[in-house]
Amino acid sequence: MNLSGKVALVTGAAQGLGKAFSESLLSQGAKVCLADVKVQQGKTTAAEFQKTFGNDSAFFEKCDVSIADDVTNVFKKVKSKYGQIDILVNNAGIANETHWRKMVDINLVSVIQGTQLGIEYMSKEYGGNGGVIINVSSSAGLVPVFITPVYCAVKFGVVGFTRSVAVNPRNRSTSGIRFCCLCPAFTDTDIIKFKKDSGINMKYAPKILKSVGINK
Ligand SMILES: NC(=O)c1ccc[n+]([C@@H]2O[C@H](COP(=O)([O-])OP(=O)(O)OC[C@H]3O[C@@H](n4cnc5c(N)ncnc54)[C@H](O)[C@@H]3O)[C@@H](O)[C@H]2O)c1
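Residues numbered from 1 in each chain as written. Predicted model: local features only at pLDDT ≥ 70, side-chain atom pairs only at ≥ 80, totals over all residues. Heavy atoms only, no water.

We apply this condition: UniProt positions are given in the numbering used here, feature names are shortened, and annotations may be inferred rather than shown by experiment.
The name an unreviewed UniProt entry gives the protein is 15-hydroxyprostaglandin dehydrogenase [NAD(+)], with Lottia gigantea as the organism. Quoted straight from UniProt, the Sequence similarities (unreviewed entry) entry for the protein says "Belongs to the short-chain dehydrogenases/reductases (SDR) family."

Pasting the structure below:
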């Protein structure tokens, strides 16, 4: 895909993988809306990108993906600023087995809402240009991880949802959208710092991380 002149919306883009995805898109000529619940970090990241890639290349929009109106609003903002959306990366996520309902909302419900809105804004059937929707799951969406059963459940959900949408004959024939699911393995970002209230068994977590070369 030639990214020059394309417009991307990336959730959870203030830091970590979302920031890295955004930087890669920008470096290939796309414009990016960085959506995140972390306002200060998001603004700092946007300023950094504007300095490197140009003032109009990126902007930050506060969005808590677990709040339906916030998600709707960010799509409207991108459309009104850049006129189109070609790439959507549903990336925002947390790892918290204690506040598991919140995690289901952030990691799965928002991906479903984002994908549905993505189709509305991007499908050729509704006047869009088509494009690509990338839902970020995890290797924990493919194999069990006993220290994070709910995280696994939601990430399996992201895989099942995305694959089902992708094989829908209507989406395949008329939308012009490709639906992809990304399943990263452990990557050294904040999400694997596993906060005290995360409900993740700290007897095992550091050993599992160490086994893949990450020392925490
Ligand atoms: N790092 C890993 O090992 C790993 C492995 C597999 C999958 N993932 C997935 O990659 C994605 C990105 O995680 P990361 O590793 O960059 O972690 P991270 O914690 O560095 O980044 C997550 C981002 O999501 C944002 N976010 C959290 N809740 C939000 C909300 N309600 N609304 C909007 N934004 C919110 C955070 O503010 C943060 O900027 C997540 O979906 C995660 O599950 C990460």
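Continuing now.
### A short note on the environment of Thr189
Rules: Helix and strand labels come from DSSP, where a helix needs a run of H or I of at least four residues and a strand needs a run of E of at least two; each type is numbered from the N terminus. Buried means the residue's accessible area, taken with a 1.4 Å probe over protein chains only, is under 20% of the maximum for its type, while exposed means over 50%, and partly exposed covers the values in between.
Looking at where Thr189 falls in the secondary structure, it is placed in the loop between β6 (177-182) and α7 (205-211). Judged by relative accessible area, which is 17%, Thr189 ranks as buried. When the C-alpha positions of Thr189 and Gln15 are compared, they lie 8.4 Å apart, and in sequence the two are 174 residues distant.

### Considering the packing of helix α1 (residues 16-27) against helix α2 (residues 39-53)
Quick reminder of the rule: Fitted lines through C-alpha atoms serve as axes, helices being fitted only where they are in contact, and the angles separating the N-to-C directions of these axes extend from 0 to 180 degrees. Here the word oblique covers every angle except those under 35 degrees (roughly parallel), over 145 (roughly antiparallel) and from 65 to 115 (roughly perpendicular). Handedness of a helix crossing follows the sense of rotation of the near helix relative to the far helix, less than a right angle counterclockwise being left-handed and clockwise being right-handed. Two residues form a contact once any of their heavy atoms are found within 4.5 Å. Gly counts as polar in this scheme, as do all residues outside two lists: the nonpolar Ala, Val, Leu, Ile, Met, Phe, Trp, Tyr, Cys and Pro, and the charged Asp, Glu, Lys and Arg.
With their axes 11 Å apart at the nearest point, α1 and α2 run at an angle of 20 degrees to one another. If you check the angle between α1 and α2, you find them roughly parallel. Read as a crossing pair, α1 and α2 show a hand that is right-handed. Facing Lys19, Ser22, Glu23, Leu26 and Ser27 of α1, the residues of α2 in contact are Thr45, Glu48, Phe49 and Phe53. Of the residues contributing to the contact of α1 with α2, the split by class is three nonpolar, three polar and three charged.

### Some points on the packing of aromatic side chains
The condition that has to hold: Any two rings among Phe, Tyr and Trp, with Trp reduced to its six-membered ring, count as a pair given centres within 6.5 Å; such a pair is stacked if its planes are under 30 degrees apart, edge-to-face if over 60, and tilted if neither. In this analysis the charged atom, NZ for Lys or CZ for Arg, is taken to sit over a ring once it is within 6 Å of the ring centre and within 35 degrees of the ring normal.
Considering all chains together, one arrives at four aromatic pairs under this definition. In this structure, Lys81 is placed above the aromatic ring of Phe59, and the distance from its NZ or CZ to the ring centre is 5.5 Å.

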